[in-house]
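Residues per chain, in single letters:
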Amino acid sequence: GGAGREGGGFPFEDQNLLLAAAYVSDAQYNRNVPFETSPRAIRLYYFYNHWTMQVAIYFFICVDLSLALFEEPALFPLPFLATSLAEVLCLTAFFGRLVHFAKVTPQMVFWKDMKNICIMVTIVLTLIDLIIYGSLEAVNVHSVRWSRALRPVFLINFPESRQIRRTFRSIRNTLPDILYVFLLFMFSVLIFSLMALKLFGDRGLKTVEGLPYFTNILDIVFELYVLVTTANSPDVMMPAYNFNWWYCLYFITYTIINTYIFMSVFLAVVYNNYRKHLKNEIRKLAYLKRHKMIEAFNILKVKVGTEFVVTEAQWRRLAKVVAPHISSPHLELLLRISDEGQKGHVDKVSFLRLADLLNIQVVTINIRRHPLEDWMPRVYRSSASLLVQRMVRHRIFVWVYDVIILINAIFIALDERNPFISYAEWLFLSLYIIEILLKLYTYEPRAYFGRRQGTHKMECYVMVGFLFFFFLARKYNSQQILDIVLILRILRLLRIIVSIQRFRVIVTTLINIGPTILTFGGLVLVVYYVFAIIGMEAFHGKVRFSDPNFTSPDALVCGNPALKDSAFARDRYCKNNFNDLASSFIVLMELTVVNQWHNILSETVHSQAAKLYFIGFHIVVVILIVNIFIAFILEAFFVAYSLEKSEVETAIEKKIQELGVGIQEEEMQDGMLVDNVDAKDSGFSGDDGDNKRKDLKGLYFRIASKKYRTVDALLQQMFESEIAPEEEGPSLDEILNFSPGDLYPKNPNFENSA
């Protein structure tokens, strides 16, 4: 972030500016770290937030988590000494980061923060476990590395992972309400299990494997729990159904009540709690952001007449410290918005918008002529050349190539061994190359390959990659390389998505929610990792994978005689095991999908206690986390479809148009515009539009596409629109103690929308 500069080079008299910049940068990136305000602490805080420090800590977290790949049971075995030294190095880095944080924050705050306590306790426990395990290994006594399951604590508890912590808080806050529903659900399963025991237990029925049908209450409860996921339907019903047609009514009733009603209630409860606590989180963020901006204003304010303001010179210096790489034209644009009347200072209401102004991506663009127009103007401007350019720019040109892509899709699905199909592929390839050449002739090349022209880049990458790998496959006769060629051919079909407006809307929304989807990816990684470590310690070695061509008795039962005649062995599920971290993750992914998960459980050799592991995983991941993920997707789509531009974006666009330096989004589509990466110190001067254009030396601006706005930012914007610009807001203690039940402030619009 902007506050990533250490600030050590600033003289002592500029410490107030550095402190204000730290507050603004925290507001910009929604950081909530209470830090000391002494000059030394401020410089340490800048260094703490430097991107290199954050990359370093994530690197050590990744190394620490990946050690499970090299520890027994290992995918890539390494000596214990090597992995233990690597872990000690990671723990040293974590401790150093913690000490750095302690130097930045007040002591009372540091020791009251449970995140710091968790990290310290985990470091100590890991060291104890390493010493005990190493000592026992030295005397050839095998023990359990139990501290490996604690490694995700580092990922969760460092300040950089606030998004993952927020998701965990959503789960924690949802638990009380979902617990009552779960107890009622389990009561329903138990009642139906007792009914099944009485209905079928004395009938002498047998399963397909010849085992007694529904005679053990624990087995019945498990089978009916699996039926909720539909994984064993209709297999579990068939013995009773074959015996008497009417027994199917029992299973239909059970499925309706527990699969459809209770699972829907789980989603409803999770969604309702997610919305409620999300509102509270966003409200905290909005008021903390305002609180930081007010602190920054109070540091820099001076009195002019009857009001406190920040001078233009101080505002410029502040913006340059927070965003060192901002171009001078961009800075001038933001200053014109903040100092609307050009009075030489920025008032409080305008100053509070600085973090939002810096967060909105304003694209600086430069109009350039096509090189051919400079090299051979007569040819490029001839009537034939202009006709070609008009054809390429026409919408029909796009439609024609969309039809060609659809025809190509049909040919891809046909048999390639047919010579006609093979030659047709070369025809399609030639047409695509002609399209790219015509567009390069029509549009300025740097604009065609500009940063926002991802479709054009993709087309060229696919074409070049296709030709490269095709000739490589022909030369070396490699099936793997040929597979890459086939995939690249199919990727050309992605252009259809860009061509259809409705598809673009959905894709843009998916891009919006992408960053938060990655947050849920981190959450799933944490849960998977913990369950994988537990699974490896409990079940590794119970199943062994052999080549499918092996027909030895040992291979047919996956190396475990207890699996003889089981569905697990019959279906050759031997690779679904907990013998290393990668295999464990794949098994857990299969369990998340829930299809056939009761058969995968066979590898535990039907241990009743082991079933609790799989049921626990299903409850945590499928019932809780997947439902929270669905709740987030629902909320994200509602917000992305309904929310308009923010007040700050509107102000920027208005000022851009007033200054006569605006370019609309649609003008960028296949236009002659490109990023002005070498923007000089052009400024806004003069009184009329012509002078402004002249002074800008060809520079123009526009708001970047909405795809850069994350869902969190949209929700926060929604709440901030309800706060009056001049409102001071509650105190810091009141903000930190907000709860979902608070009615302050009342937000009818936010309540209805989120």
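Residues numbered from 1 in each chain as written. Predicted model: local features only at pLDDT ≥ 70, side-chain atom pairs only at ≥ 80, totals over all residues. Heavy atoms only, no water.

1. Side note on the overall build of the protein
Within the protein, the secondary structure is distributed over 36 helices and six strands. Considering the protein as a whole, with its 754 residues, one finds that 46% of them fall into the buried category. Pairs at least 24 residues apart make up 75% of the contacts formed inside the protein by residues separated by at least 6 positions. A total of about 37,900 Å² of accessible surface is found on the protein, and carbon and sulfur atoms cover 64% of it. (Helix = DSSP H or I, 4+ residues; strand = E, 2+ residues; numbered from the N terminus. Buried < 20%, exposed > 50% of the residue type's maximum accessible area, 1.4 Å probe, protein only. Contact = heavy atoms within 4.5 Å. Areas by Shrake-Rupley, 256 points an atom, 1.4 Å probe, with all protein chains shown as cover.)

2. A short note on the pattern of salt bridges
Under the counting rule described, the total for this entry stands at 16 salt bridges. R145 serves as the salt-bridge partner of E71, at 3.6 Å between the closest nitrogen and oxygen. Residue E71 is located in the loop between helix 3 (51–66) and helix 4 (80–104), and its partner R145 is located in the loop between helix 6 (114–138) and helix 7 (152–157); the two are separated by 74 residues in the primary sequence. The burial state of E71 is the same as that of R145; both residues are buried. (Salt bridge = Lys/Arg side-chain N within 4 Å of Asp/Glu carboxyl O.)

3. Side note on the packing of aromatic side chains
The full count for this structure, using the stated rule, is 40 aromatic pairs. Relative to Y213, the ring of F200 lies with its centre 6.0 Å away and its plane at 55°, an arrangement referred to as tilted. Taken together, the residues span a long stretch of sequence, with F200 in helix 8 (residues 162–200) and Y213 in the loop between helix 8 and helix 9 (217–228) at a distance of 13 residues. Neither F200 nor Y213 differs from the other in exposure class; each is buried. Ring centres of F243 and Y247 lie 6.2 Å apart, and the angle between their planes is 10°; this geometry places the pair in the stacked category. F243 gets classed as partly exposed once you look at its relative accessible area, which sits at 45%. (Phe/Tyr/Trp six-rings, centres within 6.5 Å; stacked < 30°, edge-to-face > 60°.)

4. Thoughts on the sheet that holds strand 3 (residues 345–347)
Taking strand neighbours across the sheet as the criterion, the three strands line up as 1-2-3 in an open arrangement whose pairing is antiparallel. The strands lining the two open edges of the sheet, one partner per strand, are strand 1 (302–304) and strand 3. Averaged over all pairs of adjacent strands, the angle between their axes in this sheet comes to 55°, without regard to strand direction. By the bridge criterion, three bridges tie strand 2 (residues 307–311) to strand 3 in an arrangement that is antiparallel. Paired with T311 across the two strands is H345, which belongs to strand 3. (Pairing = 2+ DSSP bridges. Axes fitted to C-alpha atoms, helices over the stretch in contact; angles between N-to-C directions.)

5. A few points about the state of the cysteines
Here the structure, examined in full by the defined rule, presents zero disulfides. The thiol sulfur of C90 is not disulfide-bonded, and the nearest other cysteine sulfur, from C62, lies at 9.8 Å. (Disulfide = S-S within 2.5 Å.)

6. Let's talk about the packing of helix 18 (residues 383–393) against helix 20 (residues 419–442)
The contact between helix 18 and helix 20 brings their axes to 9 Å, and the two run at 115°. Between helix 18 and helix 20 the crossing geometry is left-handed. Of the residues in helix 20, those touching helix 18 at S385, V388, Q389, V392 and R393 are L438, K439, Y441 and T442. In terms of residue class, the contact of helix 18 with helix 20 is made up of four nonpolar, three polar and two charged. (Left-handed = near helix turned anticlockwise from the far one by under 90°. Nonpolar A, V, L, I, M, F, W, Y, C, P; charged D, E, K, R; others polar.)

7. Details of the nonpolar core
Ranked by internal contacts, the top residues of the largest apolar core, which has 140 residues, are F94, F200, F251, W315 and L318. Here the element with the most residues in this core is helix 11 (residues 248–300); it accounts for 18 residues. Setting aside residues up to four positions removed in sequence, L318 forms contacts with L17, A20, A21, V24, L300, F351 and L354. Within the second largest apolar cluster, 11 residues are counted, among which are Y401, F411, A424 and F428. (Core = buried A, V, L, I, M, F, W, Y, C linked by side-chain atoms within 4.5 Å.)

8. Points about the environment of G535
Mapped onto the secondary structure, G535 falls in helix 25 (residues 501–539). We classify G535 as buried; its relative accessible area is 0%. C-alpha separation for the pair G535 and N577, spaced 42 residues apart in sequence, amounts to 9.1 Å. Filtering out sequence-adjacent residues up to four positions away, G535 remains in contact with H540, F578 and Y613.

9. Things to note about a nonpolar patch on the surface
Where nonpolar side chains cluster on the molecular surface, the patch consists of W245, W246, L249, I252, I256, Y260, I261 and V265 and spans about 840 Å² of accessible area. With respect to the element layout, W245 can be found in the loop between helix 10 (238–243) and helix 11. (Patch = residues over 30% accessible without salt bridge, like charges linked within 9 Å, V, L, I, M, F, W, Y side chains within 5 Å.)

10. As for the side chain of T229
With respect to the helices, strands and loops of the structure, T229 is situated in the loop between helix 9 and helix 10. A distance of 2.5 Å separates a polar atom in the side chain of T229 from the backbone oxygen of V226. Contacts of T229, omitting those with residues within four sequence positions, involve V594, W597 and H618. (Polar contact = N/O pair within 3.5 Å; in protein donor to acceptor, adjacent residues only side chain to side chain.)

11. What to know about the packing of helix 19 (residues 395–413) against helix 20
The description of two packed helices rests on the angle between their axes and on the distance between the axes. At their nearest, the axes of helix 19 and helix 20 sit 11 Å apart, and the two run at 155° to each other. Taken as axis vectors, helix 19 and helix 20 run roughly antiparallel relative to one another. Where helix 19 crosses over helix 20, the handedness of that crossing is left-handed. Contacts between helix 19 and helix 20 involve F397, Y401, I404, I405, I407, N408 and F411 from the former and F420, I421, A424, E425, F428, L431, Y432, I434, E435, L438 and K439 from the latter. Taken together, the residues of the contact of helix 19 with helix 20 sort by class into 14 nonpolar, one polar and three charged. (Parallel < 35°, antiparallel > 145°, perpendicular 65-115°, else oblique.)

12. Considering helix 6
Given a rise of 1.5 Å per residue, 25 residues ought to cover 36 Å, and the 36 Å separating the end C-alpha atoms of helix 6 matches this to within 8%. Taken together, the buried positions of helix 6 are occupied by N116, I119, T122, I123, T126, D129, L130 and Y133. Its buried side turned inward, helix 6 meets helix 4, helix 5 (107–112) and helix 7. (Expected span 1.5 Å × (residues − 1).)

13. Structural notes on unusual backbone geometry
In this model, E72 is joined to P73 through a cis peptide bond whose omega is -5°. Positionally, P73 belongs in the loop between helix 3 and helix 4. That bond from S233 to P234 is cis: its omega, 0°, falls within 30 degrees of zero. For P234, the location among the structural elements is in the loop between helix 9 and helix 10. For N140, which is not glycine, the phi torsion reads 60° and is therefore positive.

14. A word on the pairing of strand 2
Two strands pair when backbone bridges link them, and strand 1 and strand 2 are joined in this way by three bridges, in the antiparallel orientation. The residue bridging V302 from the neighbouring strand is V309, located in strand 2. The hairpin turn running from strand 1 into strand 2, its antiparallel successor, is two residues long, and G305 in that turn takes a positive phi close to 70°.

15. As for the environment of N232
Summarising the element assignment, N232 is placed in the loop between helix 9 and helix 10. By relative accessible area, N232 is classed as buried at 2%. In sequence terms N232 and V594 are 362 residues apart; their C-alpha atoms lie 9.9 Å from each other. A polar contact of 3.0 Å, which involves the side chain of N232, links it to the side chain of E223.

16. A closer look at the side chain of D339
If you trace the backbone, D339 turns up in the loop between helix 13 (328–338) and strand 3. For D339, which is buried and forms no salt bridge, the nearest opposite charge comes from K343, at a distance of 5.4 Å. The contact partners of D339, leaving out residues within four places of it in the chain, are E312, G344, H345 and V346. (Lys, Arg positive; Asp, Glu negative; His and termini not counted.)

17. Some points on helix 1 (residues 15–28)
Think of an α-helix as turning once every 3.6 residues; residues three or four places apart then point the same way. If you check helix 1, its first and last C-alpha atoms are 20 Å apart, about what 14 residues at 1.5 Å a residue would give, namely 20 Å. Of all 14 residues making up helix 1, 13 are buried, and the element is well covered by its neighbours. Phi for N30, located one or two positions after helix 1, is positive at around 55°.

18. A word on the confidence of the model for the protein
Should pLDDT be low for a region, the predicted coordinates there are not to be read in detail. On average, residues of the protein carry a pLDDT of 77, and 74% of them reach 70 or more. Helix 4 holds the highest mean pLDDT among the elements of the protein, 94, whereas strand 5 (residues 673–675) holds the lowest, 36. Overall, residues 663–698 carries pLDDT values under 50, and its contacts beyond four positions in sequence, including any with other chains, amount to 92 contacts. Counting contacts from residues 743–754, a segment whose pLDDT is below 50, to residues more than four positions away or on other chains yields 26 contacts. (pLDDT = per-residue confidence, 0-100.)

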